[in-house]
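Coordinate inspection notes
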Amino acid sequence: MCVCVRACVRACVRVCVCASDIISTVEFNSTGELLATGDKGGRVVVFQREQESKNQPHRRGEYNVYSTFQSHEPEFDYLKSLEIEEKINKIRWLPQQNAAYFLLSTNDKTVKLWKISERDKRPEGYNLKDEEGRIRDPTTITALRVPVLRPMDLMVEATPRRIFSNAHTYHINSISVNSDYETYMSTDDLRINLWNLEITNRSFNIVDIKPANMEELTEVITAAEFHPNQCNTFVYSSSKGSIKLCDMRESALCDNHSKLFEEPEDPSNRSFFSEIISSISDVKFSHSGRYLMTRDYLAVKVWDVNMENKPLETYQVHDYLRSKLCSLYENDCIFDKFECVWNGTDSVLMTGSYNNFFRMFDRNTKRDVTLEASRENSKPRAILKPRKVCVGGKRRKDEISVDSLDFSKKILHTAWHPSENIIAVAATNNLYIFQDKVN
Amino acid sequence: MDVEARRIMALSISKLYSSRTQRGGLRLHRSLLLSMTMRAARDIYHAAVEQEQVVPCAPEEPMDTKEQDTVNDSLKEVNTREPKDNLEEDKENQDSKSRKRRVKTAIEPDFLPPKKARMDTDEERQEVLKPNNGNGCRQTETLTAFPTNRAIVAC
């Protein structure tokens, strides 16, 4: 597959990476018009796609900064003597219902609902204050006038509309908006809570896997998502490599799953690190709701919702790392949590890897491609060249050997436009936006 | 194998220790994976060490078949000990079926940090969740920290 690059670099060029600039989540809204990113510093940057213009056809569909705001600040839990990081773990857009845009953003403990709205008019002609806002002397007012709205420079403002806090003991890893557009769920390591978007002082716990004795803890929840159109159904993944599907109609407390998706482990691959690499880092429903995609450390799997005993398809992302697990354990890379995404038609999967590589798998043709997000290799409007990792034997000229991979450059977060072939790839503190070749 | 197991055990313990001072607090998922890896490595390491200690004895002394069986039984009991056991073993309440002297690790592994006094080792931190769900689907409960200190001590 050919990908024409339109690089939209989010941060200015820096030699060293500032930790607070590291992008921690990327998400398109439901129309693809907006793209939100969250970073370790608690900031959210929203990009908006430019309207098509006959005068500048080459700028079709470029994303420009629309709004930037500080979503979360670092906090301190005095009771536990712990700092609560401001890092944005997840952003989820709400469906657009009026002129304003709404998104949910979360750090480890608190979810916030933000309203992003435009202001391009301002009222003028107040009676009690002048144009600068200073209060007028009432004795100087001799006539009454009606304030009028006059055009002004476009201003985009973000305001926090709801703050959902004090409901999670452990670290929030996921949020998911329900298709009923009234509720959403937030998930931490051991519990899932259901919220009403309007109510902040109350939430309902729907899943709790905390054992009575914490020494008996064997698994944690790693991700959760609502079904795209069945508002009673959701799934959550675990560190043991299983996925549970729950139906909220069965009972108020969904500790007992309706379906359990699990593949038996291959005993020949057993090692010290089997538990770690089988832990699922992301789970996503397909847009149709018929399939599930999961990401563990080495592979992406597609499951049919109607078949629990084994995945429909398995795609190896970087199996050449299987022999390097000890080193990856040493440098902590084995704990990296890669996300995975579907394209709009559920025919292509995408996920990240190391060395700023990301991979796409076409489910129909069974072809796959490795691409790289880097400034050196990505001139604007140039076509991305497929990359290849040499796993043994003689290395060809354009291949890279496993030992040369840069494990500090990892692509954990990616997003795919809901209907077009436009992808957003977060590479540390840079955001790359690629789209299909334009004729 | 035991060299690698020992290295992984040491690595896991040091990672568990350093994660306690991480910004944002202890990460439950990471701590769980670390302690599972550490336990797997520990089990293999102990099994390898015990095997090494038993094997040199065999050619020196002709043992009764019965006695040898008893030693083998003890080894088997130690090796097949449930991983879910309380890591702080109560030595007085060991399996009463075998009263033979168990093969013990003679020297404490040198990668363990020196024991030092610390507060709050056995008591779990107790705190009360601020009531949030008015309808009370789940009753309010006390919160406990993940007891990684226990995971570290028992080696």
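Each chain carries its own residue numbering, running from 1 in the written order of its sequence. Labels are handed out in written order, letters beginning with A for the chains and numbers beginning with 1 for the ligands. Selection of residues for local features in this predicted model requires a pLDDT of at least 70, selection of side-chain atom pairs for listing and counting requires 80 or more, and totals for whole chains, interfaces and linings are taken over all residues. Excluding hydrogens and water, the side-chain figures rest on all heavy atoms present in the structure.

**Let's talk about the confidence of the model for chain A**
We count it as follows: What pLDDT reports is the predictor's confidence in each residue, on a scale of 0 through 100. Should any heavy atoms of two residues lie within 4.5 Å, those residues are considered in contact.
Scored by pLDDT, chain A has a mean of 91; 93% of the residues are at 70 or more. Low pLDDT (under 50) marks residues 1–15 of chain A, which in the prediction has 58 contacts with non-local residues, meaning those over four places away or in another chain.

**With respect to the sheet that holds strand 22 (residues 299–304) of chain A**
Residue and element names in this part refer to chain A. Short version of the rule: Here, a strand pair is defined by DSSP locating no fewer than two bridges between the strands. Helix and strand assignments follow DSSP, with helices taken as H or I runs no shorter than four residues and strands as E runs no shorter than two, numbered in order from the N terminus. The axes are straight lines fitted to the C-alpha atoms, using for helices just the contacting stretch, and the angles between their N-to-C directions are given from 0 to 180°.
Pairing is antiparallel across the open sheet formed by 4 strands, whose spatial order is 20-21-22-23. If you trace the sheet from one side to the other, it starts and ends with strand 20 (282–285) and strand 23 (313–316), each paired once. Between one strand and the next, the sheet's axes are offset by a mean angle of 15°, whatever the strand orientation. Two elements, strand 21 (residues 291–295) and strand 22, share 5 bridges in a ladder whose sense is antiparallel. The residue bridging T294 from the neighbouring strand is K301, located in strand 22.

**Remarks on the packing of aromatic side chains**
Stated formally: Stacked, tilted and edge-to-face pairs are distinguished by plane angle, under 30 degrees for stacked and over 60 for edge-to-face with tilted covering the rest, among Phe, Tyr and Trp rings (Trp via its six-membered ring) whose centres lie within 6.5 Å. Only protein chains enter the accessibility calculation, which uses a 1.4 Å probe. A residue is then buried if its area is under 20% of the maximum for its type, exposed if over 50%, and partly exposed in between. Geometrically, a lysine NZ or arginine CZ counts as sitting over a ring once it is within 6 Å of the ring centre and also within 35 degrees of the ring normal.
A full pass over the atoms with the stated rule returns 18 aromatic pairs over all chains. Centre to centre, the rings of F164 of chain A and W195 of chain A are 5.1 Å apart; their planes meet at 70°, and the pair counts as edge-to-face. Taken together, the residues span a long stretch of sequence, with F164 of chain A in strand 11 (residues 148–164) and W195 of chain A in strand 14 (residues 191–196) at a distance of 31 residues. Judged by centre distance (6.0 Å) and plane angle (15°), the ring pair of Y432 of chain A and F434 of chain A falls under stacked. There is no split in this pair, since Y432 of chain A and F434 of chain A are both buried. Taken together, F272, F273, Y329 and F335 of chain A form an aromatic cluster joined through their ring pairs. In this structure, K15 of chain B packs its charged tip against the face of Y329 of chain A, placed 5.7 Å from the ring centre. Lying across the ring of F335 of chain A, R30 of chain B places its NZ or CZ 4.8 Å from the centre.

**Looking at the sheet that holds strand 27 (residues 368–372) of chain A**
Residue and element names in this part refer to chain A. Pairing in this open sheet of 4 strands is antiparallel, and the strands run 24-25-26-27 from one edge to the other. Each edge of the open sheet carries a strand with a single partner, namely strand 24 (340–342) and strand 27. Neighbour to neighbour, the strand axes of the sheet diverge by 20° on average, direction disregarded. Direction of pairing for strand 25 (residues 348–352) relative to strand 26 (residues 357–362): antiparallel, over a ladder of 5 bridges. Considered in strand 26, the bridge of T351 is made with R359.

**Side note on unusual backbone geometry**
All names here are of chain A. Although it is not a glycine, N355 adopts a positive phi angle of roughly 65°. Here N355 shows up in the loop between strand 25 and strand 26. Backbone geometry places K366, a non-glycine residue, at a positive phi of 65°. Looking at the element boundaries, K366 is found in the loop between strand 26 and strand 27.

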